[in-house]
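Listed below are the residues making up each chain.
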Amino acid sequence: MQDTALQDIRSAETLEALQAVKTKYVGKSGLVTKELGSLGKLPPEERKARGAEINAVRAAIQAALDERESVLKRAALDARLQSEAIDVTLPGLPLPTGGLHPINRVYDDLIAIYRRLGYHVVEGPEVEDEHHNFEALNVPWYHPARDLQDTFWLEDGRLLRTHTSPMQVRYMVEHEPPFKIVVRGKVYRYEATDATHESMFHQLEGLVVGERVSMSDLKGTIAEMARGLYGPSARVRFQPSYYPFVEPGADFAVYWDNPRGESKWLELGGSGMVHPNVFKAVDDLREAAGKPRVYEGLTGFAFGLGPERIAMLKYGIPDIRYFYANDPRVIGQFRGEL
Ligand code: PHE
């Protein structure tokens, strides 16, 4: 029996097979165990010798089982280590990274300039009412900007703001002068789209109100912005223009020194001195809300510009629609750029 047992043990290829062999010989009802159990049937004088004999067999089998078990365990461990091996010298997999949208990068540049000049940065609602978007800004009912052609009207009579200027009104109703703010955010116009027009785009609006704020402060501020964007040699140009909420009003352009090609005047936005009617409308709203009238008699300047135009030139993007089409071939170029 010992020989067959040792043979069985040697040919067990797995721990499960070995366990079966163990059960067969030295388990509770295994062959060796049974032999031991039957000792009692032998005549007393034979028991001792026979018992020693069986115990020796059992010890030999047990030793062989233990040895085989440790060999099989080692082999199983080796196989596992082999299959789970990690080659730490392999190059890593590239993780897809995002990046700041070009419009946000331009906003960051602009806002850094205005923070340096002491401005607060605010935002406002994109769904506006007619009063804040037009009426309080001295935009008369017959002004073409009110036209159904330009404004996205909502069914409840409200609208998508067509510019960030309504935040001038909201801010002044809530805060007393003096202050300097810039407003960032999306605006909407109901227009046909082409390479330079989108129905949604962005604006940065500035408003400064205080005692003796003047047109030269406005010009100095825009010049400071131009130098911040394009370096110390940047130039600015103002041309008379009309916006109902400023008087006088002026469009401004920045001379852009293009390192890659043709340099040119970049028409950036509109500006002007806050119209007295705007201050009056603000004071009316304040009074209705139980607040003191504090704006009439003051002066202030305002400006508004579009980061899209700056971004198109800066990054050589030829069509404004590329910004919002989410085409990875365009946006992917800004991956990882913060
Ligand atoms: N709100 C004007 C526009 O959207 C820009 C502007 C802002 C002009 C402030 C003058 C003063 O075109």
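Residues numbered from 1 in each chain as written. Predicted model: local features only at pLDDT ≥ 70, side-chain atom pairs only at ≥ 80, totals over all residues. Heavy atoms only, no water.

Undergrad: Just checking my understanding: could you explain the layout of surface pockets for this structure?
TA: Over the atoms rolls a probe the size of a water molecule, and in doing so it shows where empty space is left. Taken as a whole, the largest pocket spans an internal volume of roughly 1100 Å³. The wall of the largest pocket is formed by 43 residues, among which Arg189, Phe201, Gln203, Tyr243 and Gly269 lie closest to the centre. The set of elements that each furnish at least two residues to the lining of the largest pocket consists of β5 (200-210), β7 (246-256), β8 (264-274), β9 (299-305) and α10 (307-315). Per-element accounting of the lining of the largest pocket gives the leading share, seven residues, to β8. Partitioning the lining of the largest pocket into residue classes produces 19 nonpolar, 14 polar and 10 charged. (1 Å grid on protein atoms, 1.4 Å probe; cavity = no way out; pocket = protein on both sides within 12 Å on 5 of 7 lines; lining within 4 Å. Points joined across faces, edges and corners; volume = space filled by probe spheres on them. Helix = DSSP H or I, 4+ residues; strand = E, 2+ residues; numbered from the N terminus. Nonpolar A, V, L, I, M, F, W, Y, C, P; charged D, E, K, R; others polar.)

Undergrad: Can you help me understand the confidence of the model for the chain in this one?
TA: Caution is warranted with low-pLDDT regions, since their predicted coordinates should not be read in detail. On average, residues of the chain carry a pLDDT of 93, and 99% of them reach 70 or more. With pTM at 0.74, the complex prediction returns an ipTM value of 0.98. (pLDDT = per-residue confidence, 0-100.)

Undergrad: I keep staring at the environment of Pro140 and nothing clicks. Help me out?
TA: Along the polypeptide, Pro140 turns up in the loop between α6 (130-133) and β3 (159-160). Along the backbone, Pro140 and Pro244 are 104 residues apart, and their C-alpha atoms lie at a distance of 8.0 Å. Setting aside residues no more than four positions away along its own chain, Pro140 makes contact with Arg146 and Pro244. (Contact = heavy atoms within 4.5 Å.)

Undergrad: Sorry, what's going on with the pattern of salt bridges here?
TA: Side-chain pairs of opposite charge can arise where the charged atoms are in close proximity. Applying the stated criterion to the full structure yields 20 salt bridges. With a closest N to O distance of 3.2 Å, Arg227 and Glu224 form a salt bridge. Residue Arg227 and its partner Glu224 are located together in helix α8 (residues 215-230), separated by three residues, close to a single helical turn. In this structure, Arg293 and Asp284 form a salt bridge, with 2.8 Å as the shortest nitrogen-oxygen distance. (Salt bridge = Lys/Arg side-chain N within 4 Å of Asp/Glu carboxyl O.)

Undergrad: Explain the nonpolar core here, please?
TA: General note: in soluble globular proteins, nonpolar side chains tend to be found buried as a group. In this structure, Tyr114, Leu204, Met225, Phe301, Phe303 and Leu305 are the most contacted members of the largest nonpolar core, which totals 34 residues. Those elements that provide at least two residues to this core are α5 (102-116), β5, α8, β7, β8, β9 and α10. The leading source of residues in this core is α5, at six residues. Excluding anything up to four places from it in sequence, Leu305 contacts Leu110, His202, Gln203, Leu204, Met225, Phe252, Leu268, Gly269 and Ile310. Among the nonpolar cores identified, the runner-up in size contains 25 residues, and Leu137, Val139, Val169 and Tyr171 belong to it. (Core = buried A, V, L, I, M, F, W, Y, C linked by side-chain atoms within 4.5 Å. Buried < 20%, exposed > 50% of the residue type's maximum accessible area, 1.4 Å probe, protein only.)

Undergrad: What is the right way to read the site of the ligand from this model?
TA: The full set close to the ligand counts 13 residues, and His163, Ser165, Arg189, Gln203 and Gly304 are the nearest of them. For the ligand, a nitrogen atom lies 3.0 Å from a polar atom in the side chain of His163. Between the ligand and the protein, one listed contact pairs an oxygen atom with a side-chain N or O atom of Arg189 at 3.0 Å. Burial of the ligand by the protein amounts to 91% of the accessible area it has alone, namely 330 Å². A majority-of-atoms criterion places the ligand in the largest pocket. Among the secondary structure elements, those contributing two or more residues to the shell around the ligand are β5, β8 and β9. (Near = heavy atom within 4 Å. Polar contact = N/O pair within 3.5 Å; in protein donor to acceptor, adjacent residues only side chain to side chain. Areas by Shrake-Rupley, 256 points an atom, 1.4 Å probe, with all protein chains shown as cover. Sits in = over half its atoms within 2 Å of the grid points.)

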